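Here's the letter readout for the chains.
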Amino acid sequence: MACEDLVFAVNGEKFEVLSVNPSTTLLEFLRSNTCFKSVKLSCGEGGCGACIVILSKYDPVLDQVEEYSINSCLTLLCSINGCSITTSEGLGNTEKGFHPIHKRFAGFHASQCGFCTPGMCISLYSALSNAHNSKSSQSSPDCLTALAAEKSIAGNLCRCTGYRPIADACKSFAADVDIEDLGFNSFWRKGESREEMFKKLPPYNPDKDLVTFPDFLKEKIKCQHNVLDQTRYHWITPVSVAELQEILATTNPGGDRGLLKLVVGNTGTGYYKEEKQYARYIDISHIPEMSMIKKDDRGIEIGAVVTISKVIDALMEENSSAYVFKKIGVHMEKVANHFIRNSGSIGGNLVMAQSKNFPSDITTLLLAADASVYMINAGRHEKLRMGEYLVAPPILDTKTVLLKVHIPSWIASSTTGLLFETYRAALRPIGSALPYINAAFLAVVSRDASSRGIIVDKCRLAFGSYGGYHSIRAREVEDFLTGKILSHSVLYEAVRLLKGIIVPSIETSYPEYKKSLAVGFLFDFLYPLIESGCWDSERKHIDGHVDPTICPPLLSSAQQVFESKKYHPVGEAIIKFGAEMQASGEAVYVDDIPSLPHCLHGAFIYSTKPLARIKKVGFGGNVAPLGVLAVITFKDIPQLGQNVGYISMFGTGLLFADEVTIYAGQIIALVVADTQKHADMAANLAVVEYDSKNIGTPVLSVEDAVKRSSLFEVPPKYHPEPVGDVSKGMAEADRKIRSVELRLGSQYFFYMETQTTLALPDEDNCLVVYSSTQAPEYTQSVIATCLGIPEHNVRVITRRVGGGFGGKAIKSMPVATACALAAQKLQRPVKIYLNRKTDMIMTGGRHPMKITYSVGFRCDGKVTALELCILIDAGIDADVSPILPLNIMNSLRKYDWGALSFDIKVCKTNLPSRTSLRAPGEVQGSYIAESIIENLASSLNMDVDVVRRINLHTYESLRKFYKQDAGEPDEYTLPLLWDKLEISADFRRRAESVKEFNLCNVWRKRGISRVPIIHLVVHRPTPGKVSILSDGSVAVEVAGIEVGQGLWTKVQQMVAYGLGMIKCDGSEDLLERIRLLQTDTLSMSQSSYTAGSTTSENCCEAVRLCCGILVERLKPTMNQILENARSVTWDMLIQQAYAQSVDLSARTFYKPESSSAEYLNYGVGASEVEVDLVTGRTEIIRSDIIYDCGKSLNPAVDLGQIEGAFVQGIGFFMYEEYTTDENGLVNEEGTWDYKIPTIDTIPKQFNVQILNSGHHKNRILSSKASGEPPLLVAASVHCATRSAIREARKQYLSWNCSDGDHRRDISDIGFELPVPAIMPVVKQLCGLESVEKYLEWKTYP
Ligand SMILES: Cc1cc2nc3c(=O)[nH]c(=O)nc-3n(C[C@H](O)[C@H](O)[C@H](O)COP(=O)(O)OP(=O)(O)OC[C@H]3O[C@@H](n4cnc5c(N)ncnc54)[C@H](O)[C@@H]3O)c2cc1C
Ligand code: FES
Ligand code: FES
């Protein structure tokens, strides 16, 4: 067979790769060998969707093209031989015109930082193309449905938008969407007819807008085989099982697979990171015997290399005997995400589960359905039933190949009923999260002639992923149930037996929760049969519970946005600057800057000990791994420099650990290698020898820090002031709650772009540093200090940042500094792009804290005094932590506490330093306030909403608590927002229906909660520069960084408005002629940092002042022209001004006056949730927010900020666990264990209203900040969950049984709901033993 070169197409362009390491991924190739940069690296493990592309395959026999989405971070380059790849810029771009998908993403304001956007566009494109293709092949589904459109992005993560606008952009392509339901966009305005709206949407024509397969590849495929030259590629593509057997036989005769790797989709490396270098890869996906799907009466046979997506299609096909198959198919749709299912094979899953104990869903399903697998080893065929297969010796240690799977048909007889149900409890209901446990149950039932009860004739009960070694059958329970007539007592005995069988291994988290889930699932399966006395294959779950995967799409949001033309174009919902370019992936982030020749790459070696001497840093066998050029430590810092990695207003921190490491996660060294992959691998292989003798014990808790007086000083400026006399307030109280303890955990930023820097050495000891930072000026300063050179030698440039949220202020500095140090030392360009795990370990996140409070209150719910003791865990460095006490108190003061006193300590511990994460301290302060209010309402047995209202400030008390920041009485809009939301959210009526719902449902409880927020923001001095160029175009520089918050767009609008003041012809349409430039610290000095929500406003004011200067300079020229002409155009004016040498560049430095530097933001949010008492899952049914934006500078941008912040807040309150181990090393490492919200975990209905409150002379065009405050509103979800749990506990306690309480996991209604309120936590509070208790109660009433 002739051997070939590796040839494929990317966006229609031919690529021929003459040799390559077979472990090279498609992403590595695209990013380093092509100009296509829309494929982003964010997680590198198949869990985020930033890197996905469309893969098209041509079948020469059928003359058909098949196309689907795949991830490029795990797909191996050699596996795409002969394929065509389309990236987002391949769909459309600046040059050939944007694709309608790009245009609609821009128009629906669905891109903020833009890092996730190309991947989102590809997901949507893939759904459109699937819909189009199924239209030609099937009769029924003719177009994309709204549900499919929404689900298309279920595997994609976005940290900025909150998904709602993305869902709208996607649904705008759906055939069944009511266009009026789509959210706010720039295409039409409310009130236009449906026809008009349709006309205004960028048109989509599948025949034109779907990509075509390149002809040159078709020709190649028609005349050549898919066989690569082994000597150049080390990639073998057998086309029969016999050939595969021959290859295996000649390798390592008699032994194992050695350095051979069988591969299909290679998605397994997303979980089991590749540590080994293989000599050869055998791509088994082209073997026809292993790729077939055969169906007959006896069942379905599926080749091992068939992708999960194709398995689902086959199982879901119409067929009368397909009941069990369909159920399996539906469950499999929740395995991973669409792009992993499109490339991952069923065999790969089964092998990982069997040989490496991967927590597979598929093995559990197949075990319940009594499937068998067929294998071959050295020509010997073997068939094993799933149960036998799972306990056989690991096949990965041998040359065994899994050939196919057989699932038998299950058909009920005329007198029996066949039941099959599957379960999984995961943080994300429709996929993209491994389950805490999964289960699949099959039962054959019939009616007992005498009792008329339902008898179990046969059952198979399978459980998996719970922390056992593999999926198992609960045989004792099966045996117990077989032949029994179902009753409460039988079920009770069955679940008791089950608890002895589901035994998670010691290292498994939440073992009791997992057991209780197993019990709950079995209960859900059998209990409806007992209750209804009949069976039905389309059976209902308990309480008529609906499977979340078949829920209708999100309800569209009824945002109300007020646009104002007063300061045109300021105040209008202008599309974000560069949004289409972000969607096509052409927007350039630091890692997209083309690498210079000889560019090196760095990766950090970090400490894993909290306090130890570093004896030695090296590599195993003392041999530097492949590609390593240097290992840089503190010893490499120049003599005139300092070992400094960051500076903030509170001091500095080390760049490298010196002789002693002082926290786990501290940078010990930077490995510099020829590629990022080699640098990362080397850092992984590094061996650090520690010595912990006689060095003392690290401080790892706030309690210990207090005991050892390990505290940071808080400068007086940042001391919050107490209010009133607390002893007096306590004396006035009717009741008191004393010394309640609360704990709040941390949160990780999860920006989609991790920390990145590119440093280029320049002449005369100078450096140009491209950094993904929110603080370029400080970065410049710290690099200069570290290298011992003047600051003017360091030019730090930042164009845009792929999400920051505060994490790229202080925490970007060590990355940039280490990179600059390496570049300076090696005199070569150096790039560092942190992998997700290192980023998570090093960046620290939000401040955990311990709170103890005592509160006094009257019987009517009015608080009279509050006393707090707060211990903040700041970690090892001060960072920005000393601002926390003030921030906490600023938001906590939102209620009138009567009198308030506190003792706040900022504790220094041997943990990574915590830093500012969106609303640092404010979100905790606001939450602490809610927790206290909840507690006292519960102790008074009062409606908490009433207690909140009673304690809302009057203007007088607001002044008492906020002094001059309270502003004028009419600025205090909170009571107005509170009342408005009551009406717009229909709060009262819904609160009543929640009560009714709770009465009617046993296993689901709802809660509704309304929460106010007050958030203080501070303006900062900011420079700006506006230059008018000779052709009339305008270049603008601001100190703020575009992190996705829409700063550039607002500034662009402000410049258009400011220059428009000249009022000549064309000056009202300047928007398009204004370009924002990247921030350059040598061009724009004193640029400070981007933080605190007011950067956009500050930058706007700075450029407005510039424009004022320019307009004044232009006026004489204009008047001169007007002396001889009736009108003057902008171009004419500028030409003339140039001719007259008018200075058309202005720089200003905006310094807010102390009287107007601070102001208060107000908002109210209400959320309704439903808690599933079996799993502990909380579904957010609806959230409503009203937020006072002053006079919004751009309502579309502000709306995006509000929604995005709220959803990030949901993450903090409900999902994201960011924890450390006993050494203080971060436990979570990536997308597998850190779960930010996804499209399926945001509110099902999400209504946001912007209140355009009145004119304010001291605020910038009367605007207000929107970046951080709305995050606080997400506490409403947590409070509503608490309310639902309270109902569950009341019900639990009402189940009194007569046999004596021998097991009680709930003894009263009172409780604290931890943050985050993840499923195990919620379930535990609802009663881990609720099923047993209920059955006991039913059995022995
Ligand atoms: C982000 C992500 C999320 C996921 N979520 C889930 C989930 O929720 N539930 C779930 O069940 N699974 C989940 N998975 C696992 C997924 O199903 C598997 O990764 C996939 O099925 C593996 O198939 P593959 O073709 O990519 O295997 P590969 O990665 O190509 O191979 C995996 C291993 O099996 C060996 N191998 C493959 N085929 C054979 C064969 N026929 N004979 C012998 N050895 C073979 C390979 O040598 C390799 O060691 C997830 C995976 C990812 C990446
Ligand atoms: S980078 Fe590939 S899926 Fe996240
Ligand atoms: S816009 Fe989605 S991650 Fe920033």
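Fair warning: this is a prediction, and the values are worked out from it, not measured in the lab.

What follows concerns the overall build of the chain. Regarding its fold elements, the chain presents 42 helices and 43 strands. On C-alpha atoms alone, the chain measures out to a radius of gyration of 32 Å, which is about the 34 Å that the 2.2 N^0.38 rule sets for 1341 residues. Seen through its C-alpha atoms, the chain measures out along the principal axes to roughly 100 × 85 × 80 Å. Counting the 1341 residues in the chain, one finds 65% classified as buried. The contacts of the chain with a sequence gap of at least 6 include a subset with a gap of at least 24, amounting to 78%. Carbon together with sulfur atoms contributes 51% to the accessible area of the chain, which is approximately 47500 Å² in total. Seen as two clouds, the 138 positive and the 153 negative side-chain charges of the chain have centres 2 Å apart.

Put simply, helix α13 (residues 308-316) and helix α14 (residues 323-332) touch, their axes get as near as 8 Å, and they point 150 degrees apart. As for how α13 packs across α14, the hand of that crossing is left-handed. Together, I308, V311, I312, L315 and M316 of α13 and F325, K326, I328, G329, V330 and M332 of α14 make up the contact between the two elements. In terms of residue class, the contact of α13 with α14 is made up of 9 nonpolar, 1 polar and 1 charged.

With that settled, the discussion passes to the site of ligand 1. Neighbouring ligand 1 are 35 residues; L262, T267, G268, S345 and D361 lie closest to it. For ligand 1, an oxygen atom lies 2.5 Å from a polar atom in the backbone of L262. Separating an oxygen atom of ligand 1 from a side-chain N or O atom of N349 is a distance of 3.0 Å. Relative to its unbound accessible surface of 980 Å², ligand 1 loses 97% to contact with the protein. Elements represented by at least two residues in the shell around ligand 1 include exactly β7 (260-263), α15 (338-343), α16 (346-356) and β13 (401-408). Looking at which element gives the most residues to the shell around ligand 1, the answer is α16, with 4 residues. Among the residues forming the shell around ligand 1, the class breakdown is 19 nonpolar, 12 polar and 4 charged.

Another point: the sheet that holds strand β23 (residues 660-661). Pairing within the open sheet is antiparallel, and its 3 strands lie in the order β23-β19-β25. Looking along the sheet, the strands with just one partner apiece sit at the ends: β23 and β25 (686-691). Here helix α23 (residues 676-685) sits on the sheet in contact with β19 (612-619) and β25, set at roughly 35 degrees to β25.

So, on to the sheet that holds strand β14 (residues 416-425). Pairing in this open sheet of 4 strands is antiparallel, and the strands run β14-β15-β16-β17 from one edge to the other. For this open sheet the edge positions go to β14 and β17 (472-473), each flanked by a neighbour on one side alone. Contacts between α14 and the sheet are confined to β14 and β15 (437-447), with β14 contributing the most and set at about 5 degrees to the helix.

This brings us to the packing of aromatic side chains. Counting across every chain of the model gives 47 aromatic pairs. When the ring of Y271 is compared with that of W1232, the centres are 4.6 Å apart and the planes differ by 80 degrees; the resulting orientation is edge-to-face. Of this pair, Y271 sits in the loop between β7 and β8 (280-283) while W1232 sits in the loop between α38 (1195-1215) and β43 (1245-1251), and the two are 961 residues apart along the sequence. Taking relative accessible area as the criterion, Y271 reaches 29% and is therefore assigned partly exposed. Summarising the aromatic geometry, the rings of Y1334 and W1337 are spaced 5.9 Å apart at their centres and angled 45 degrees between planes, so their arrangement reads as tilted. Of the two residues, Y1334 and W1337 both sit in helix α42 (residues 1330-1339), 3 residues apart, roughly one turn of that helix.

Below, the discussion takes up the confidence of the model for the chain. Per-residue pLDDT for the chain averages 92, and the proportion of residues at 70 or more is 96%. Note on residues 137-141: pLDDT is under 50 here. Beyond four places in sequence and across chains, it has 2 contacts.

If you walk through the whole model with that rule in mind, you get 71 salt bridges. Among the salt bridges present, the one from E741 reaches R743, with a minimum N-O distance of 3.5 Å. Look at E741 and you get partly exposed, because its relative accessible area is 41%. Taking relative accessible area as the criterion, R743 reaches 45% and is therefore assigned partly exposed. Among the ionic contacts, a cluster of salt bridges with common partners joins K894, E930, E934, R948, R1282, R1286 and E1312.

Relative placement of two packed helices is described by the angle separating their axes and the distance separating the axes. One can describe the packing of helix α21 (residues 511-532) onto α42 by two numbers: an axis separation of 10 Å at closest approach and a directional angle of 45 degrees. Between α21 and α42, the interaxial angle falls into the category oblique. Contacts between α21 and α42 involve V519, G520, F523 and Y527 from the first element and V1331, E1332, Y1334, L1335 and K1338 from the second. A breakdown of the residues in the contact of α21 with α42 according to their chemical character gives 6 nonpolar, 1 polar and 2 charged.

Take unusual backbone geometry next. Here the amide bond leading from H568 into P569 is cis, since omega sits at -5 degrees, within 30 degrees of zero. Locating P569 in the fold gives a position in the loop between α21 and α22 (579-584). The step from V1315 to P1316 runs through a cis peptide bond, and the omega angle for that step is 0 degrees. Mapped onto the secondary structure, P1316 falls in the loop between α40 (1275-1294) and α41 (1319-1327). Even without a glycine there, the phi angle at D370 is positive, about 60 degrees. Relative to the assigned elements, D370 resides in the loop between α17 (362-368) and β11 (372-377).

Let us look at the side chain of E1170. For E1170, the position within the fold is in strand β41 (residues 1158-1172). Only 2.9 Å separates the side chain of E1170 from the side chain of R1004, close enough to count as a polar contact. Polar side-chain contacts of E1170 include one of 2.7 Å to the side chain of R1006. The residues touching E1170, leaving out its near neighbours within four places in the chain, are F997, R1004, K1005, R1006, R1177, T1178, E1179 and I1181.

Counting 278 residues, the largest nonpolar core has F105, F463, L481, L868 and W897 as the members making the most contacts within it. Discounting chain neighbours no more than four positions away, the residues touching L481 are V456, C459, L461, L486, V490, A494 and L526. In this structure, I236, I247, I300 and L315 belong to the second largest nonpolar core, which totals 58 residues.

On to the pairing of β25. Side-chain alternation along β25 places A686, V688 and Y690 on a buried face and V687, E689 and D691 on a face that remains uncovered. Note: β19 against β25, 6 bridges, orientation antiparallel. Along β25, the bridge assignment pairs V617 with V688.

The rules behind these values
Residues numbered from 1 in each chain as written. Chains lettered and ligands numbered in written order. Predicted model: local features only at pLDDT ≥ 70, side-chain atom pairs only at ≥ 80, totals over all residues. Heavy atoms only, no water. Helix = DSSP H or I, 4+ residues; strand = E, 2+ residues; numbered from the N terminus. Rg over C-alpha atoms; globule rule 2.2 N^0.38 Å. Buried < 20%, exposed > 50% of the residue type's maximum accessible area, 1.4 Å probe, protein only. Contact = heavy atoms within 4.5 Å. Areas by Shrake-Rupley, 256 points an atom, 1.4 Å probe, with all protein chains shown as cover. Lys, Arg positive; Asp, Glu negative; His and termini not counted. Charge placed at Lys NZ, Arg CZ, Asp CG, Glu CD. Axes fitted to C-alpha atoms, helices over the stretch in contact; angles between N-to-C directions. Left-handed = near helix turned anticlockwise from the far one by under 90°. Nonpolar A, V, L, I, M, F, W, Y, C, P; charged D, E, K, R; others polar. Near = heavy atom within 4 Å. Polar contact = N/O pair within 3.5 Å; in protein donor to acceptor, adjacent residues only side chain to side chain. Pairing = 2+ DSSP bridges. Phe/Tyr/Trp six-rings, centres within 6.5 Å; stacked < 30°, edge-to-face > 60°. pLDDT = per-residue confidence, 0-100. Salt bridge = Lys/Arg side-chain N within 4 Å of Asp/Glu carboxyl O. Parallel < 35°, antiparallel > 145°, perpendicular 65-115°, else oblique. Core = buried A, V, L, I, M, F, W, Y, C linked by side-chain atoms within 4.5 Å.

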